[in-house]
Each structure stands twice: as C-alpha cells, then as structure tokens.
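Geometric and topological summary
Listed below are the residues making up each chain.
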Amino acid sequence: SLAVLSDGVFQNASSLRTVNMPADGVLETIGNYTFSWCVALESMTVPDSVTRLEKGAFYRCYGLQNVTLGTGLAAIGDFCFAECYGLESVTFSPGSKLETISSASFRDARSLTAFHMPDTVTYVGLGAFIHCKSLTEVTISKSLAVLSDGVFQNASSLRTVNMPADGVLETIGNYTFALCVALE
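Summary of the structure given here. Because the structure is a prediction, the values reported are computed rather than measured.

Scoring rules and cut-offs
Residues numbered from 1 in each chain as written. Predicted model: local features only at pLDDT ≥ 70, side-chain atom pairs only at ≥ 80, totals over all residues. Heavy atoms only, no water. Helix = DSSP H or I, 4+ residues; strand = E, 2+ residues; numbered from the N terminus. Buried < 20%, exposed > 50% of the residue type's maximum accessible area, 1.4 Å probe, protein only. Contact = heavy atoms within 4.5 Å. Core = buried A, V, L, I, M, F, W, Y, C linked by side-chain atoms within 4.5 Å. Salt bridge = Lys/Arg side-chain N within 4 Å of Asp/Glu carboxyl O. Phe/Tyr/Trp six-rings, centres within 6.5 Å; stacked < 30°, edge-to-face > 60°. Lys NZ or Arg CZ within 6 Å of the ring centre and 35° of its normal. Polar contact = N/O pair within 3.5 Å; in protein donor to acceptor, adjacent residues only side chain to side chain. Disulfide = S-S within 2.5 Å. Pairing = 2+ DSSP bridges. Axes fitted to C-alpha atoms, helices over the stretch in contact; angles between N-to-C directions.

So, the environment of N32
- In this structure, N32 sits in the loop between β2 (29-30) and β3 (43-46).
- For N32, a relative accessible area of 25% corresponds to the partly exposed category.
- Separated by 137 residues in sequence, N32 and L169 have C-alpha atoms that sit 31 Å apart.
- Those residues in contact with N32, other than ones at most four positions away along the chain, are D7, G8, E54 and K55.

The structure is reproduced here in structure tokens:
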C-alpha cells in the first residue's frame, strides 16, 4: 500500500519498458523526476487514485507513446512530459478531475497530435505545449479563464483550436499562438 512514489526512484532506468500500477491501489503521488530518462518506457496508465504528477515525473521518456490519466488526477507538474519526443496521445478517463496543467508540462512533445483538455481544467501554465510541432488540434476547457503566455508557441502544425461557446476564456496571453503558422 504505497501512497507516494518518491522523487527519482526509477530515474534513468533505461531498460524499464512497462510499469503496472494496481487500479485499486492507494498511490496518490508520482514524485519529482520519478520516471525521468526511462527512455524505453512505451506506455503508462496512471490509476484513478493518483492526484498529482510532480515536476518532471516523465521528463525525457523518449519512447513513451501513449498515456492514460485516471479520474483522480488534479495536477500535472512542470515539465512532467517535457521532451517526451515519441508521445503521440494523452487520454483522460471519463470523469477526469484535472484542474492544473503546469508550465512546460508537454514542452517539445514532438509527436503529440491532439490534446483535448477536460472541462475541469482551470489553469494552464507558461509554455505548457511550446514546441509541440505535430500538434494539429486542441480543445480548450470551458472552465479556463486565462491562456498563459506562450502556451502553444511554435506549435507550427496547429490548425484547429476548439473553444466552447459556454466557456469562460477572457484572456489570451502574450505569444500564446506565436509561430503557429498553420492556424486557420
């Protein structure tokens, strides 16, 4: 009955390919840089019990392709999936409670093609998706009032941004869509 995966506990485990976390477990937090530089890790399912992914939890997991995030997750920390060059998809379980996508969380996730924020997201940090060059479509949360500076900067393939008609978005920060040359 482990509640916290400590900071850096699997850092640089370059042969680690799979991680099985019990769906009915009590794990609440995946600590700072816990799986960072696990370059062979291919997919991850974060169980519903997890509420926080801390700073850099999956930083530079180059082989990570697919992530499924459980309903209990409230916050994705700074640089959590940054430089996960192979990351193609992020799926949220129905009923997601995600509120926070921190600064540079998905920075330079070069293979990510779409991102659909759950409607519970109220904060997206600076440059959260900066340099996501394959990102073509995003859906903004209806609960998000401010898009921080540079959130999608240099997402050069971004064509479509879906903003709900009943959303509360009031402010789009500086350089949020800078260098998004494909934006329609």
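Moving on from the model shown.
Let's talk about the nonpolar core
- Grouped together as the largest cluster of nonpolar side chains are 47 residues, with contacts concentrated most on F58, F81, F106, F115, F129 and F152.
- Mapped by element, the contributors of at least two residues to this core are β3, β5 (66-69) and β7 (89-92).
- Leave out the neighbours within four places in its chain, and F115 touches V90, F92, I101, F106, F129, L135, E137, V138 and T139.

Quick look at the pattern of salt bridges
- Applying the stated rule across the entire model yields six salt bridges.
- In this structure, the salt-bridge partner of E83 is R107, at a minimum N-O distance of 2.2 Å. Highlighted residues: E83 in the loop between β6 (75-76) and β7 and R107 in the loop between β8 (100-101) and β9 (114-116), separated in sequence by 24 residues.
- A relative accessible area of 8% places E83 in the buried class.
- Each member of the salt-bridge network shares a partner with another, and the members are R60, E83 and R107.

Details of the packing of aromatic side chains
- The tally for this structure, following the rule as stated, stands at 14 aromatic pairs.
- Measuring from ring centre to ring centre gives 5.6 Å for F152 and F177, while their planes differ by 15 degrees; the resulting arrangement is stacked. In this pair, F152 sits in the loop between β12 (146-147) and β13 (160-162) while F177 sits in the segment after β14 (171-172), placing the two residues 25 residues apart along the sequence.
- In this structure F152 comes out as buried when scored by relative accessible area, which is 0%.
- The rings of F10, F35, F58, F81, F92, F106, F115, F129, F152 and F177 are connected pair by pair, giving a single aromatic cluster.
- One cation-aromatic arrangement involves R110 over Y85; the distance from NZ or CZ to the ring centre is 3.9 Å.

Quick look at unusual backbone geometry
- Unlike most non-glycine residues, N12 shows phi in positive territory, near 65 degrees.
- Among the secondary structure elements, N12 is positioned in the loop between β1 (4-5) and β2.
- With a phi close to 60 degrees, Y175 is a non-glycine residue in the positive phi region.
- Y175 sits in the exposed class, given a relative accessible area of 60%.

What about the side chain of T34?
- Locating T34 in the fold gives a position in the loop between β2 and β3.
- In this structure the side chain of T34 is engaged in a polar contact, spanning 2.7 Å, whose partner is the backbone oxygen of G31.
- Leave out the neighbours within four places in its chain, and T34 touches L5, S6, D7, G8, V9, F10, Q11 and A57.

Details of the state of the cysteines
- For the structure shown, the criterion picks out zero disulfides.
- Between C38, a cysteine without a disulfide, and C61, which holds the nearest cysteine sulfur, the sulfur-to-sulfur distance is 5.1 Å.
- Judged by its relative accessible area of 0%, C38 is buried.

Details of the sheet that holds β7
- The strand order across the open sheet built from three strands is β3-β5-β7, with neighbouring strands paired in parallel fashion. Of all the strands in the sheet, the pair left with one neighbour each is β3 and β7. Mean inter-strand twist for the sheet, computed between neighbouring axes without regard to direction, equals 10 degrees.
- Bridge count between β3 and β5: four bridges; the pairing is parallel. Counted as the bridge partner of V46 is L69 from β5.

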